[in-house]
Each structure stands twice: as structure tokens, then as C-alpha cells.
Amino acid sequence: MERNYKNTYQQSVEDPEGFWGEAAEELVWDKKWDQVLDASEAPFYHWFSGGMLNTCYNAVDRHVDEGRADQNALIYDSPVTNTKQTYTFRELQDEVSRLAGALKSQGVEKGDRVLVYMPMIPQAVIGMLACARIGAVHSVVFGGFAAAELATRIDDAKPKIVLSASCGIEIERVIEYKPLLDNAIELSSHKPANTIILQRPQAEAQMLEGRDLDWNSACEKAEPADCVSLAATDPLYILYTSGTTGVPKGVVRDNGGHAVAMLWSMKNIYNVQPGEIYWAASDVGWVVGHSYIVYAPLLNGNTTIIYEGKPVFTPDAGAFWRVIEEHNVSVMFTAPTAFRAIKKEDPNGELLKKYDLSNFRALFLAGERCDPPTLEWAESLLNVPVIDHWWQTETAWAIAANCLGIEQLPVKAGSPACAVPGYQVDVLNNDGEPVEDGDIGSIMIKLPMPPGCLPTLWNDDKRFVDSYLSAHPGYYLTGDAGYKDEDGYIWVMSRIDDIINVAGHRLSTGAIEEVIAEHPDVAECAVIGAEDTLKGELPVGLIVLKSGVERYDGEIEKEIISLVREKIGPVCAFKKVVIVARLPKTRSGKILRGTMKQIADCKSYKMPATIDDPTILDEIKVALKTIGYA
Ligand code: COA
Ligand code: AMP
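Here the structure is a predicted model, which means the values were calculated and not measured. Note on numbering: residues in each chain are counted from 1, in written sequence order. Following the order in which they are written, the chains are lettered starting with A and the ligands numbered starting with 1. Confidence filtering applies because this is a predicted model: local features only for residues at pLDDT of at least 70, side-chain atom pairs given and counted only at 80 or more, and all residues used for totals across whole chains, interfaces and linings. Side-chain figures throughout are based on the complete set of non-hydrogen atoms in the structure, without hydrogens or water.

**Considerations on the overall build of the protein**
And step 1. From N to C terminus, the protein includes 18 helices and 31 strands.
And step 2. Computed over the C-alpha atoms, the radius of gyration of the protein is 24 Å, within 12% of the 25 Å expected from 2.2 N^0.38 for a compact globule of 630 residues.
And step 3. Summarising its shape, the C-alpha atoms of the protein cover approximately 70 × 65 × 55 Å along the three principal directions.
And step 4. Exposed residues in this analysis have more than 50% of their type's maximum accessible area, buried residues have under 20%, and partly exposed residues fall in between, with area computed by a 1.4 Å probe over protein chains only. A burial count over the protein gives 60% of its 630 residues as buried.
And step 5. Only heavy atoms matter for contacts: two residues are in contact if any of them lie within 4.5 Å across the pair. Counting contacts in the protein only where the partners sit at least 6 residues apart, residues at least 24 apart contribute 70% of the total.
And step 6. Counting only carbon and sulfur atoms, one obtains 48% of the accessible surface of the protein, whose full area is about 24200 Å².
And step 7. With 59 positive and 89 negative side-chain charges, the protein shows a separation of 3 Å between the mean positions of the two kinds. Secondary structure is summarised from DSSP: a helix means a run of H or I of at least four residues, a strand means a run of E of at least two, and numbering begins at the N terminus for each. Within these notes, the globule rule equals 2.2 Å times the number of residues to the 0.38 power, and the radius of gyration is based on C-alpha atoms. The method behind every accessible area is Shrake-Rupley, applied with a 1.4 Å probe, and residues are considered shielded solely by the protein chains displayed. Note that His is not counted, nor are the chain ends; the positive residues are Lys and Arg, and the negative ones are Asp and Glu. To locate a charge, take atom NZ for lysine, CZ for arginine, CG for aspartate or CD for glutamate.

Structure representation (C-alpha cells):
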């Protein structure tokens, strides 16, 4: 029978063990699994229990052993430093095993955590793979987070060592990482024993004698370390993501299920064959970077691109086309916001005319819903399939997608197409019953989820169950709301919680509110995600001052903006604050954030039946107008 989407999907849900067992045969195992799916501790499911393997072996050494030693594994392209550099699989193996040796010589062992706080340079990837090689659990923190956020993650993951660099570069600005790291370690209760710092020429880091080690000398002195055999269920990494409070969730990834899912997805979703050049223009600090800059392409024997630049201004809106042409990229993955940025600078795609993209086959977008105008603009410009696909940090790979490697389904702009094989996606109402096609509800995934999805939260099984599995037994709560249409296409429309999406980055408005509330003049506040044509959403703060505070000179707003930048980081893009006399609430005291968002976005809204005082909404509208909304 010819393979198509329908029969592949059917097989994956009717016989998940057969389906994923066959996919797992594509990897090199030190010992085969005893069970493909171990449900003995449900709702905690374990994939490939009893199996032993090493993810780094499969991503790097395997290709050296099997004939790809001289193929490029990494291409580093950095317009911000004017650098290009390549690493073959053999060179990558050498770099990774030397750093792994350096980690070992500092006492890092299997199960120890290593925090990685790095810009988009090859050493970030080398650092992650070195951890995977010796069974250390990496936790990468995005460079745009502030010291306090870094400190929270240090306290939760308790790393033995931190890998970092002296600086990152944001277009033309040099951002010194080391003072941020020093500050974070000062703030945290847990103190990592050592740091290994890569000195970059753009800024020299001050080293603390006895604690900070120089990256290059640590590697030069180190004895290369070999891959250790790990249980499929051993953790590979922890990646923190926004929860509904200020405390981020430590999403855990296992080794076996993750490697199986990553490898399967490259061929079946992205339709990329070993040897091809694949580019995910994201950052290793996000899940997209973990999965599609590092693990999936390398597991599949692809060349992956590490791009230290932006879609625009490095140097212009033709940057993506230049990289695609120059490195012969077959398939690219980025966030819709990047395309909106390009469209803003070069609406007619004039810069594209300078480049030859004849080998470019498909563009994948994720991180936020792709608005139809952006999708259509990209399609008409590039003349290749533009595929929106939906996933989240927790899953590590797409829940819904148009799987180009199986069968290309018709594209419906605004929908990420259908459930990916392995995922049973249902839309449920508040009582946990499936809704009719076309009706909006909570999008949930029936347990067990396929390999690759989070087995739990770091050191917090209870929070895992409370946050994701308790809404409706037998289901995982995605936190997204939407509907399915009559063709089984999923339409992801909004969040059901306080998460907002800023330039493809997931942020908690609750966490921003917690920081604002620390300001001594603030009585209460609300943060909403207002629509933004470039970044999708932007956080907007509405502040009520304590009685008696009489500074109306704009200083308080500036202080609040700086406080959020200092505590959460620039990634938050928090620049809009307005002071109001009071906030609209229900009679039981719940702040009506949803209604304020509708007002900010100029959308019609229904007067909430339980509103305490409807006249407040007019005041909110006037206030929002003063900062360019409503
Ligand atoms: N280290 C330090 N600071 C960082 C940083 C890093 N790694 N990454 C971003 N920042 C800073 C930026 O300099 C900016 O600071 P500013 O407020 O002083 O200007 C702020 O954080 C917001 O950054 P960013 O979201 O990148 O916004 P931008 O306005 O600089 O650029 C886009 C807008 C659309 C070009 C940009 O968001 C982009 O390229 N997005 C691609 C999508 C993406 O990677 N998504 C990830 C998931 S797939
Ligand atoms: P993150 O965990 O940071 O990757 O963010 C995941 C969240 O981003 C999802 O739960 C959605 O709310 C949103 N998201 C990601 N991709 C899409 C998409 N293709 N369509 C709609 N929403 C998306």
C-alpha cells in the first residue's frame, strides 16, 4: 500500500509500539530496548525503557564512522562579526570530545547539570553535545534573559559548571555576558563550582581566580572523552519555559525517545535527506534551536547552520536570501515574526532578486500562529511551500504540521494543518467532552504522547501533573485554544492562560506583573498582550499607584520599564506602560485582562456580566489611547 498521511497517521495511533519501534531502528543503540512504551507508571510514560544509547554518538561519531567524516556538520555564519567557519563531522567530534574531557576533568559526571549561557556561536552547540557525550544534563538559557532569570534557573537546575562566553552581539551592540553571569551567581543560592568562559575578541571577560576557566586552555589541556552509554530514559537536557507564575518550568527531555522523534521528524515532516543543508534561524536558547539547530539535523546527517545575525539590519532584509544561496540551503525554519520584519523593510522583495534560490525547497514557520497575510506574502515571494506548524517547548517537535516527507496536504492559511503521526489531538469543552468540528475549545493531546515529548518537569512531578495532566484525566493540556475543521485541520487561535507570544518568544504576563508589583509606588497592575504588527504581541502594563503617590512626571513609567528589563531581560520588549486610576474587575475581584486586551486591539467586546463598574472600561480606553492603542 502506498504511504500517505492518512494511513501513516492511522498506523501511528493504532500500533504506536510497532510504529515507533520501527523508527527507533534507524538509530545506533548500545542495547535494544526491553519495551517500546512502558506504561507501568502511567500517567508517566517511558519510551524505549531498557534501551541504552548515546545521543552525541548518534549525532556526531556515527557519521564519522559511517562515511560522513569530511562532510560539514556545522556552518557558522556571523554577519555581526564578519566571520564564516565550517566544522566537518570529524572536526566536530574532536571539539566535542575535548570539551567533554575538560568537563570531566572538572568533576562533571553523568547526571550532573551544566548550564549553558551562550550567544549563537559554534561553541554553544559543542557545549550541548559535550554534555550529551558524558551524560551531563545541559540547561541552555537564552542570552536575552536578565541575571535574575538566570539565577532562578541556576537555583532550580543546580549546575556543577556553567559554560559561557564573554559577550554576544546584537546587530552592532556588544552585550557583555560575563557581568550578567557573575551577577546571577551572586543572586543565586546555589553556587556552581566553576565556569568555562570563551573569550571573544569583542569584549574580554574579567576572570575570577579559582572559579573561572578559560575555554581554550581548558580544552587544550583536556584528554578527549568518549561517549558513555545512557539509558533511553536518562535526561538529556532541561529547558526552562514560561509557566503561569514567575517560576519557570523545567521541561525535561529524555535521550531515547527524543532521538527517535528528532530523526523521524527530519525525513517525515521536513522531507530532508542526509547530506542536505538545513537551516533553522532561531537561537539555541529556545526549543527550536535545541531541536532543529542542534539535534535533529545532526542526527539525520545534515549540515546545520549557526547564524549569528537577524533577518534585517545584518546588514539588510536580504540576509536570509544571502545565507540560503551561499550555503545551498534546502529547507529553512524560522518564526513568522522574522518574515514580518523582512516584509516591513522590503515589501516587494526587491533584495531577493540579487540571489539564486533555485535549490531551496520549503520554508517552515512556527513559534506563533502564522497570520495568513505573512504566509501568503512568503509563498508568493519564494514560490515554494510555506508550512506553518504548531508545537511547544514541552513537545520538542511538531504536534500539527503538513508532513512534506509523507504527503503534501493542501495548505490552508492560518492553520498548521493536521495532527502529526503519534499525536492524538482533541478539542474539548470545560467538561472534558469533544466539541463539534468548528467549535472552539481547549486543544488537548490524548496520553500517551509520542516519543520526544516531556516525561516530566525537573524535580517536580507534582507540578507536571498539576499543570498538564489534571485538567482532564487521560489528556495533556497544551494551553492553546482553537478548533478542528471538517478536514481534520487544527486551528490554533489563542492561549487559555496568561502566556503571550512576543516575536515567537513565550512570556508570562503573570511573571511581568510580579516584577512590576515590586515597585514601591505600585498598588496593583495588569499586563496584557496587545497585538503588534511586527512581533505578534507586545506586553502592555496598566498600573494603579498607591494612594498618596503624586509623581505624574513619567518617571514611574520609566522606572517600571527598567525594572522589568533588569529582572526579566530585554527579550520581554516591555516598553508600554500607562497609569490608570483603577482596573476593571469582576464582582469577585478578578481583573478583566481579556476585556482590556480586546479594547487595546480595537476589537468589539461583550460587556462582562459580572463586571463591578462598567464605566472603568471607558477610562481604560482613554488611557490605552495615550500610548497608541485602542
Ligand atoms: N542577548 C542579549 N539581548 C538580546 C538577545 C540575546 N541573545 N536577543 C535579543 N536581545 C535583545 C534585543 O537586542 C532587543 O533589545 P532592545 O530592546 O534593546 O532593542 C530585545 O532583546 C528584543 O529582541 P528581539 O526579540 O530579537 O527583537 P528585535 O526588535 O531586536 O528584532 C526580530 C525583531 C523580529 C527581527 C527578531 O525578534 C527576530 O529575528 N526574530 C526571529 C524569530 C526567532 O528567533 N524566534 C525564536 C523562536 S523560533
Ligand atoms: P514555545 O514553547 O515557546 O515554543 O511556545 C509554544 C506556544 O507558542 C504554543 O503553545 C502556542 O501558543 C504558540 N505557537 C507556536 N507555534 C504556533 C503555531 N504554528 N500556531 C499557533 N500558535 C503557535
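Moving on from the model shown.
**A closer look at the state of the cysteines**
And step 1. To count as a disulfide, a pair of cysteine sulfur atoms needs to be within 2.5 Å. On inspection of all chains with the given rule, the structure shows zero disulfides.
And step 2. Between Cys 227, a free cysteine, and Cys 56, which holds the nearest cysteine sulfur, the sulfur-to-sulfur gap is 4.7 Å.
And step 3. Between Cys 525, a cysteine without a disulfide, and Cys 572, which holds the nearest cysteine sulfur, the sulfur-to-sulfur distance is 12 Å.

**Re the packing of aromatic side chains**
And step 1. Note on ring pairs: Phe, Tyr and Trp rings are taken, using the six-membered ring of Trp, and paired if centres are within 6.5 Å. Classes follow the plane angle, with under 30 degrees stacked, over 60 edge-to-face and the rest tilted. On inspection of all chains with the given rule, the structure shows 34 aromatic pairs.
And step 2. Ring plane angle 80° and centroid distance 4.9 Å describe the contact between Phe 19 and Trp 20, whose orientation is recorded as edge-to-face.
And step 3. By relative accessible area, which is 8% here, Phe 19 ends up buried.
And step 4. The interplanar angle of 45° and the centroid separation of 5.6 Å between the aromatic rings of Trp 29 and Phe 48 together place this pair among those described as tilted. Placement of the pair is Trp 29 in the loop between α2 (16-24) and β1 (35-41) and Phe 48 in strand β2 (residues 44-49), with a sequence separation of 19 residues. One exposure class covers both Trp 29 and Phe 48, and it is buried.
And step 5. Among the aromatic residues, those joined into a cluster by ring pairs are Tyr 270, Tyr 278, Tyr 292, Phe 333, Phe 364 and Trp 391.
And step 6. Our definition puts a charge over a ring when NZ of Lys or CZ of Arg is within 6 Å of the ring centre and also within 35 degrees of the ring normal. Directly above the ring of Phe 145 sits Arg 153, whose terminal nitrogen or CZ lies 4.6 Å from the centroid.
And step 7. Seen from the ring of Tyr 489, Lys 412 lies directly overhead, with NZ or CZ sitting 4.4 Å from the centre.

**Details of the sheet that holds strand β24 (residues 441-446)**
And step 1. When DSSP locates at least two bridges between a pair of strands, those strands are taken to pair. Across the sheet, four strands lie side by side as β23-β24-β25-β26; this open sheet has antiparallel pairing. Edge positions in the sheet fall to β23 (425-428) and β26 (490-495), since each has one partner strand and no second. Across this sheet, the average inter-strand angle for adjacent strands is 50°, counted without regard to direction.
And step 2. Bridge count for β24 against strand β25 (residues 475-484) is five bridges, and the pairing is antiparallel. When the bridges of β25 are listed, Lys 446 appears paired with Tyr 475. Fitted lines through C-alpha atoms serve as axes, helices being fitted only where they are in contact, and the angles separating the N-to-C directions of these axes extend from 0 to 180 degrees.

**A word on the pattern of salt bridges**
And step 1. Salt bridge, as used here: a side-chain nitrogen of Lys or Arg that lies within 4 Å of a carboxyl oxygen of Asp or Glu. Counted according to the given criterion, the structure contains 39 salt bridges.
And step 2. For Glu 308, the salt bridge identified is with Arg 200, shortest N-O distance 2.9 Å. In this pair, Glu 308 sits in the loop between β17 (303-307) and α11 (319-327) while Arg 200 sits in the loop between β11 (194-198) and β12 (212-214), placing the two residues 108 residues apart along the sequence.
And step 3. Judged by relative accessible area, which is 4%, Glu 308 ranks as buried.
And step 4. Since its relative accessible area comes to 8%, Arg 200 is described here as buried.
And step 5. Here Arg 322 makes a salt bridge to Glu 326, at a shortest N to O gap of 3.1 Å. Here Arg 322 pairs with Glu 326, and both are found in helix α11, just four residues apart, close to one helical turn.
And step 6. Overlapping salt bridges bring together Asp 77, Lys 84, Arg 322 and Glu 326 as one network.

**Points about a negative patch on the surface**
And step 1. A contiguous patch of negative charge, built from Glu 436, Asp 437, Asp 439 and Glu 486, is present on the exposed surface.
And step 2. Among the structural elements, Asp 437 can be located in the loop between β23 and β24.
And step 3. Given the relative accessible area of 51%, Asp 437 is considered exposed. Only residues above 30% relative accessible area that lack a salt bridge enter a patch, with like-charged residues linked at up to 9 Å and the nonpolar side chains Val, Leu, Ile, Met, Phe, Trp and Tyr linked at up to 5 Å.

**Some details on the site of ligand 1**
And step 1. Lining the immediate surroundings of ligand 1 are 22 residues, of which Glu 170, Arg 173, Lys 310, Arg 565 and Lys 575 lie closest.
And step 2. Whenever a nitrogen or oxygen atom comes within 3.5 Å of another N or O atom, the pair is scored as a polar contact, on the condition that within protein one atom can donate a hydrogen and the other can accept it, and that pairs from neighbouring residues in sequence are kept only if both atoms are in side chains. Between Gly 144 and ligand 1, the recorded distance is 3.5 Å, taken from a backbone N or O atom to a nitrogen atom.
And step 3. Considering ligand 1 on its own, with 940 Å² of exposed area, one finds that the protein chains cover 84% of that surface.
And step 4. Grouping the constituent residues of the shell around ligand 1 by class yields ten nonpolar, six polar and six charged.
And step 5. For the purposes of this description, domain bounds are those given by an automatic or database domain assignment. The two domains that each donate at least three residues to the shell around ligand 1 are domain 1 (5-309 + 389-482) and domain 2 (503-625). We define proximity as follows: a residue is near a molecule or strand when any one of its heavy atoms falls within 4 Å of that partner. Each residue receives one of three labels: charged for Asp, Glu, Lys and Arg, nonpolar for Ala, Val, Leu, Ile, Met, Phe, Trp, Tyr, Cys and Pro, and polar for the others, Gly being one of them.

**Some remarks on the domain arrangement of the protein**
And step 1. Partitioning the protein into domains gives domain 1 (5-309 + 389-482) and domain 2 (503-625).
And step 2. For domain 1 and domain 2, the distance between their C-alpha centres works out to 34 Å.
And step 3. Domain 1 puts 18 residues into the contact, and the matching count from domain 2 is 14 residues.
And step 4. By definition, the buried area sums, over both parts, the 1.4 Å-probe accessible area that each loses when the two are put together. Carbon and sulfur atoms supply 50% of the area that domain 1 and domain 2 bury against each other, a total of about 1100 Å² over both sides.
And step 5. Taken together, the connections running from domain 1 to domain 2 amount to one salt bridge.
And step 6. Glu 394 is the partner of Arg 506 in a salt bridge, and the nearest nitrogen-oxygen pair spans 2.8 Å.
And step 7. On inspection of domain 1 and its partner domain 2, the count reaches five residue pairs in polar contact (both at pLDDT 80 or more).

**Points about the site of ligand 2**
And step 1. In the vicinity of ligand 2 lie 14 residues, with Asp 388, His 389, Thr 393, Asp 480 and Arg 506 positioned nearest.
And step 2. Thr 393 has a polar side-chain atom sitting 2.5 Å from an oxygen atom of ligand 2.
And step 3. Measuring from an oxygen atom of ligand 2, one finds a side-chain N or O atom of Asn 501 at 3.3 Å.
And step 4. For ligand 2, whose free accessible area comes to 490 Å², the fraction covered by protein is 92%.
And step 5. Classifying every residue of the shell around ligand 2 gives three nonpolar, five polar and six charged.

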